[in-house]
Amino acid sequence: QVQLVESGGGWVQPGGSLRLSCAASGSIFSINVMGWYRQAPGKQRVMVARITSDGSTNYADSVKGRFTISRDNAKNTVYLQMNSLKPEDAADYLCHAVIQRHSYIPSSEYWGQGTQVTVSS
């Protein structure tokens, strides 16, 4: 089995910063894409940022210049540094990864449980 475990969410005032972490564990042969999605109450889940195994990144327009995604391949961990947070960034942040468990089977998608980010004064 594979698990994604997030940490680092919490409450922050507007303009503040938070750093999210997501560690993948279990039977893992390789991890292709790792990323973060967010879902606010009553809204659809949307991609925030993602990073490939070779370090290529993509960001949602709404977070460009404020959020930075990075990963430690040796630790199977992805990070999201969030700066200049706004109230509209408040949401449940979910870790996502495309993982190949063995060399002889295709990759599958995995999701973490989510970590709540609250931005308010």
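Before reading on, note that the structure itself is shown above.
Residues numbered from 1 in each chain as written. Predicted model: local features only at pLDDT ≥ 70, side-chain atom pairs only at ≥ 80, totals over all residues. Heavy atoms only, no water.

Q: Quick one: what's the story with unusual backbone geometry, residue by residue and with numbers?
A: Glycine aside, residues mostly have negative phi, and peptide bonds are mostly found in the trans state. Positioned with a positive phi, Asn76 is a non-glycine residue whose angle comes to about 50°. As for its position among the elements, Asn76 is in the loop between strand S7 (67-72) and strand S8 (77-82). In this structure, Ser84 is a non-glycine residue whose phi angle is positive, near 50°. One can find Ser84 in the loop between S8 and strand S9 (91-100). (Helix = DSSP H or I, 4+ residues; strand = E, 2+ residues; numbered from the N terminus.)

Q: Describe the pattern of salt bridges, with residues and values.
A: By the definition in use, this model includes 3 salt bridges. A salt bridge links Arg38 to Asp89; the shortest N-O distance between them is 2.9 Å. Residue Arg38 is found in strand S4 (residues 30-39), and its partner Asp89 is found in the loop between S8 and S9; the two are separated by 51 residues along the sequence. The same class applies to Arg38 as to Asp89, namely buried. Its salt-bridge partner being Asp89, residue Arg66 comes within 2.7 Å of it at the nearest N-O pair. (Salt bridge = Lys/Arg side-chain N within 4 Å of Asp/Glu carboxyl O. Buried < 20%, exposed > 50% of the residue type's maximum accessible area, 1.4 Å probe, protein only.)

Q: Provide a residue-level description of the state of the cysteines, including the pertinent values.
A: What the rule picks out here adds up to 1 disulfide. The disulfide bridge from Cys22 ends at Cys95, spanning 2.0 Å between sulfur atoms. Looking down the S-S bond of the Cys22 and Cys95 bridge, the torsion is -85°, so its handedness is left-handed. In this pair, Cys22 is assigned in strand S3 (residues 18-26) and Cys95 in strand S9, connecting sequence segments 73 residues apart. (Disulfide = S-S within 2.5 Å.)

Q: Please set out the sheet that holds S7 residue by residue, giving values where relevant.
A: Strand order in this open sheet of 4 strands is S1-S3-S8-S7, and the pairing throughout is antiparallel. Edge positions in the sheet fall to strand S1 (2-7) and S7, since each of these pairs with one other strand and no more. On average, each strand axis in the sheet is inclined to that of its neighbour by 15°, with strand direction left out of account. Relative to S8, S3 runs antiparallel, the two being bridged by 6 bridges. Bridged to Ser21 within S8 is Tyr79. (Pairing = 2+ DSSP bridges. Axes fitted to C-alpha atoms, helices over the stretch in contact; angles between N-to-C directions.)

Shape is all these values report; function is a separate question.
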